[in-house]
Amino acid sequence: MTFQAYIENLKAKPEHVRRRIAFWSSFGITAIIFTFWLASFSITGTTAKSAVATVVTRAGSPAQSLIAGVGDFLVDVKEMIFGTKKINYAQVEVSGGTR
């Protein structure tokens, strides 16, 4: 049975059956995503905790972190417009195609 045939078969069923199938399908997909999400915590383990602790100690206060982030953003924008990150095309060559 193809997926399109399965969908057509579902369309023929009463609305309460379609709602029940939709609920359990979405519940199953959500359960799978939730399981992978929980598993990701055990995979990272203690290394994630130490990484977060390192970042927190380097960041200082929230105000310092925010100012540093805004400053880095402004430097990146300035370099894209005026600096080395700007891409200049000196010559564009257009050649005719063959027919």
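Participant: Hey, could you run me through the overall build of the protein in this one?
Facilitator: Scanning the protein from N- to C-terminus turns up three helices and zero strands. For the protein, the α and β elements follow one another from N to C terminus as α-α-α. Out of the 99 residues in the protein, the part that is buried amounts to 2%. Counting only carbon and sulfur atoms, one obtains 67% of the accessible surface of the protein, whose full area is about 9400 Å².

Participant: So what exactly am I meant to see when it comes to the pattern of salt bridges here?
Facilitator: Any two side chains of opposite charge can pair, given that their charged atoms come close. Applying the stated criterion across every chain yields a total of two salt bridges. Among the ionic pairs, lysine 11 bridges to glutamate 8, the shortest N-O distance being 3.6 Å. Within this pair, lysine 11 and its partner glutamate 8 are both found in helix H1 (residues 3-12), separated by three residues, close to a single helical turn. On the accessibility criterion, lysine 11 (54% relative accessible area) is exposed. Residue arginine 19 pairs with glutamate 15 through a salt bridge whose shortest N-O separation is 2.9 Å.

Participant: Where do I start with the packing of aromatic side chains in this structure?
Facilitator: Within a pair of aromatic rings, the relevant descriptors are the distance that separates the centres and the angle that separates the planes. Counting across every chain of the model gives four aromatic pairs. Between phenylalanine 23 and phenylalanine 27, the aromatic rings sit 6.2 Å apart at their centres with planes inclined by 20°, giving stacked as the arrangement. Within this pair, phenylalanine 23 and its partner phenylalanine 27 are both found in helix H2 (residues 15-59), separated by four residues, close to a single helical turn. Among the residues examined, phenylalanine 23 registers a relative accessible area of 45% and is labelled partly exposed.

Participant: What is the right way to look at a nonpolar patch on the surface in this model?
Facilitator: A cluster of nonpolar side chains, namely Leu66, Val70, Phe73 and Leu74, defines an oily patch on the protein surface of about 420 Å² accessible area. On the secondary structure map, leucine 74 appears in helix H3 (residues 62-82).

What counts and how
Residues numbered from 1 in each chain as written. Predicted model: local features only at pLDDT ≥ 70, side-chain atom pairs only at ≥ 80, totals over all residues. Heavy atoms only, no water. Helix = DSSP H or I, 4+ residues; strand = E, 2+ residues; numbered from the N terminus. Buried < 20%, exposed > 50% of the residue type's maximum accessible area, 1.4 Å probe, protein only. Areas by Shrake-Rupley, 256 points an atom, 1.4 Å probe, with all protein chains shown as cover. Salt bridge = Lys/Arg side-chain N within 4 Å of Asp/Glu carboxyl O. Phe/Tyr/Trp six-rings, centres within 6.5 Å; stacked < 30°, edge-to-face > 60°. Patch = residues over 30% accessible without salt bridge, like charges linked within 9 Å, V, L, I, M, F, W, Y side chains within 5 Å.

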